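# An overview of the molecular structure
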Amino acid sequence: IGNPEHSWVGVKLKNSQGMSPIGTVISMKSKEREWSKTIVTGDGFTSQGPAIAHFGLGKIKDISEVQIRWPTGEIQTLREPEINRYHQIEYKQTK
């Protein structure tokens, strides 16, 4: 489904004990542009969505980084992520 010439990157936030992914901001950068999505899970009537962000890239083939800003303010960075796949990220407390 979709155009095979177009690329994408997905981020799945793994549930971690004591950390809700709600409110996490996922940002992504390439040479051409930047993207950003906030994880929300109550945006449907009587439903809850998964903690996933999917970024359509069009013909862009190289991403320099994906940045995950957790609700605590802590940041995790994934450098040069592989395209056309989902990357599972787990919260890692650094403080």
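Check the entry above for the structure.
As the structure is a computational prediction, the values presented were derived from the model and not from experiment. (Residues numbered from 1 in each chain as written. Predicted model: local features only at pLDDT ≥ 70, side-chain atom pairs only at ≥ 80, totals over all residues. Heavy atoms only, no water.)

A sheet is described by the order of its strands in space; here four strands give the open sequence β3-β2-β5-β6, paired in antiparallel fashion. Of all strands in the sheet, those with a lone pairing partner are β3 (34-38) and β6 (75-79), marking the two edges. Direction aside, neighbouring strands of the sheet carry axes that sit 15° apart on average. Of the pairings in the sheet, the one linking strand β2 (residues 25-29) to β3 comprises five bridges and is antiparallel in character. Bridge pairing in β3 links Ile26 to Lys37. (Pairing = 2+ DSSP bridges. Helix = DSSP H or I, 4+ residues; strand = E, 2+ residues; numbered from the N terminus. Axes fitted to C-alpha atoms, helices over the stretch in contact; angles between N-to-C directions.)

Now for the packing of aromatic side chains. Counted by the stated rule, this structure contains two aromatic pairs. Aromatic pair Trp8 and Tyr86: ring centres 5.0 Å apart, planes at 50°, arrangement tilted. Placement of Trp8 in strand β1 (residues 7-14) and of Tyr86 in strand β7 (residues 86-90) is noted, with a sequence separation of 78 residues between them. One Lys or Arg, Lys12, reaches over the ring of Tyr86 and ends 5.1 Å from the middle of that ring. (Phe/Tyr/Trp six-rings, centres within 6.5 Å; stacked < 30°, edge-to-face > 60°. Lys NZ or Arg CZ within 6 Å of the ring centre and 35° of its normal.)

On β2, burial follows the alternation: Ile26 and Met28 on one face are buried, whereas Val25, Ser27 and Lys29 on the facing-out side are not. Here β2 folds back onto β3 in antiparallel fashion, the turn holding four residues. By the bridge criterion, five bridges tie β2 to strand β5 (residues 65-69) in an arrangement that is antiparallel. Across the sheet, residue Met28 finds its bridge partner in β5, namely Val66. (Buried < 20%, exposed > 50% of the residue type's maximum accessible area, 1.4 Å probe, protein only.)

Glancing now at unusual backbone geometry. You will see that Glu80, though not glycine, has its phi angle at about 45°, which is positive. As for its placement among the helices and strands, Glu80 is situated in the loop between β6 and β7. Among the residues examined, Glu80 registers a relative accessible area of 66% and is labelled exposed. With phi around 60°, Asn84 is a residue other than glycine that occupies positive phi space. Given the relative accessible area of 39%, Asn84 is considered partly exposed.

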